[in-house]
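Each chain, letter by letter, is given below.
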Amino acid sequence: MILIDGKKVAAEMKQEIAAKVLELKEKGGKTPHLAAVLVGHDGGSETYVAYKIKDCEAVGFKSSLVRYEDDVTEEELLSKVQELNEDTDIDGFIVQLPLPGHISEQKVIEAIDPKKDVDGFHPENVGRMVIGLPSFVSATPFGIVELLKRYNIETNGKNCVIVGRSNIVGRPLSVLLSQKAINATVTVAHSRTQNLEEVCRNADILVAAIGVPEFVKKNMVKEGAVVIDVGTTRVKSDQTKSGWKLKGDVLFDEVASKCSYITPVPGGVGPMTRVSLLHNTLLAATGKIY
Ligand code: NAP
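Residues numbered from 1 in each chain as written. Predicted model: local features only at pLDDT ≥ 70, side-chain atom pairs only at ≥ 80, totals over all residues. Heavy atoms only, no water.

Concerning the UniProt feature "domain: Tetrahydrofolate dehydrogenase/cyclohydrolase catalytic" (unreviewed entry) in the protein chain
(1) Moving on: The sites that UniProt annotates as "domain: Tetrahydrofolate dehydrogenase/cyclohydrolase catalytic" (unreviewed entry) are residues 4–119.
(2) Moving on: Along residues 4–119, the helical share is 50% and the strand share 16%, with 24 Å between the first and last C-alpha atoms. (UniProt positions renumbered as here; feature names shortened; annotations may be inferred. Helix = DSSP H or I, 4+ residues; strand = E, 2+ residues; numbered from the N terminus.)

If you want it as structure tokens, here you go:
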């Protein structure tokens, strides 16, 4: 069994990005600039945005943080989005989700200029990805594909089962894996899938993006399969200083010995998601998509 080290691959990608930023600056080019909009004080969102800012510093990007309290109106937020769309110094920006219930996330996503949509959530980018045009691809699916590539994992003609059909993970990943350059035969499973255990056992590559800790057990995995665990659920723990730890969707200790490759949680897909946002920001700054 080979443990897929997302932390190591992400560190390599960060170095590659930092080298490109340096080259850009040496040629007199502009410093890539990522902005993040954070509404409220949700613990998870605070952590993710802090990571994003730290990652920008690490590769030499400029970053900006725009903060609002929970009671910001939809109108105010949309007007900030418009301002960021028009700000020529900002190459890309994200609005950290989830947003409070009184704000339509879809409206906000659709208000972002697709050329600055480094999260890849705008329908224009999703549509372009589906038909194989250059687009910003959302971070987690992009990161997973990059992991498969960098570990030289064969995807041609392989049966790939993705459990989970969300707009940010399962669905876009299914599109990427079925593209001509990758050539997997893809099944997307979800909460209504019948005989899920059997469907999963048929997978050469099994991706779990469910959000149910340790859902995937040994009896759901084929001998020699590649298992990608996207799940990250915070569970209480008395073994950590913070009082919680992250659990994946795969019962790692039981499943790992059956796999040819497996990602751990933490240290698998998570770091790749982080670095993929930097990748998209560099693409935005260098005009490589539009
Ligand atoms: P989501 O929007 O809640 O979607 C979950 C999907 O899992 C849905 O399609 C749902 O099916 C399916 N599902 C739920 N219970 C199931 C069951 N018992 N059997 C089969 N399918 C089931 O979640 P998400 O945003 O995609 O995130 C999934 C997990 O990945 C979460 O733990 C999240 O924190 C994590 N995540 C990690 C990263 C990272 O960088 N590592 C990034 C993004 C997300 P239905 O559609 O039928 O409801």
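Details of the site of the ligand
(1) Moving on: Around the ligand sit 21 residues, and of these Arg 165, Ser 166, Ser 191, Thr 232 and Thr 273 come closest.
(2) Moving on: Thr 273 is positioned such that a nitrogen or oxygen atom in its side chain is 2.6 Å from an oxygen atom of the ligand.
(3) Moving on: Bound to the protein, the ligand loses 69% of the 930 Å² it would expose on its own.
(4) Moving on: With three residues, the single largest contributor to the shell around the ligand is helix α10 (residues 269–285). (Near = heavy atom within 4 Å. Polar contact = N/O pair within 3.5 Å; in protein donor to acceptor, adjacent residues only side chain to side chain. Areas by Shrake-Rupley, 256 points an atom, 1.4 Å probe, with all protein chains shown as cover.)

Points about the side chain of Lys 80
(1) Moving on: Relative to the helices and strands, Lys 80 resides in helix α3 (residues 74–86).
(2) Moving on: In contact with Lys 80, not counting residues within four places along its chain, are Val 66 and Tyr 68. (Contact = heavy atoms within 4.5 Å.)

Regarding the state of the cysteines
(1) Moving on: Considering all chains together, one arrives at zero disulfides under this definition.
(2) Moving on: Sulfur of Cys 160: no disulfide; nearest cysteine sulfur belongs to Cys 200 and is 11 Å away.
(3) Moving on: Accessibility expressed as a relative area gives 1% for Cys 160, which makes it buried.
(4) Moving on: We note that Cys 259 lacks a disulfide partner, and the nearest cysteine sulfur, in Cys 200, lies 12 Å from it. (Disulfide = S-S within 2.5 Å. Buried < 20%, exposed > 50% of the residue type's maximum accessible area, 1.4 Å probe, protein only.)

Observations concerning the sheet that holds strand β2 (residues 33–39)
(1) Moving on: What the three strands build is an open sheet, ordered β3-β2-β4; its pairing is parallel. In the strand order of this sheet, the two ends are held by β3 (62–68) and β4 (92–95), each with one partner. If you compare each strand with its neighbour and ignore which way they point, the axes differ by 15° on average.
(2) Moving on: Alignment of β2 against β3, held across seven bridges, turns out to be parallel. Following the sheet pairing, Leu 34 is matched in β3 by Ser 63.
(3) Moving on: This element, helix α2 (residues 43–59), spans β2, β3 and β4 of the sheet and lies at about 160° to β3. (Pairing = 2+ DSSP bridges. Axes fitted to C-alpha atoms, helices over the stretch in contact; angles between N-to-C directions.)

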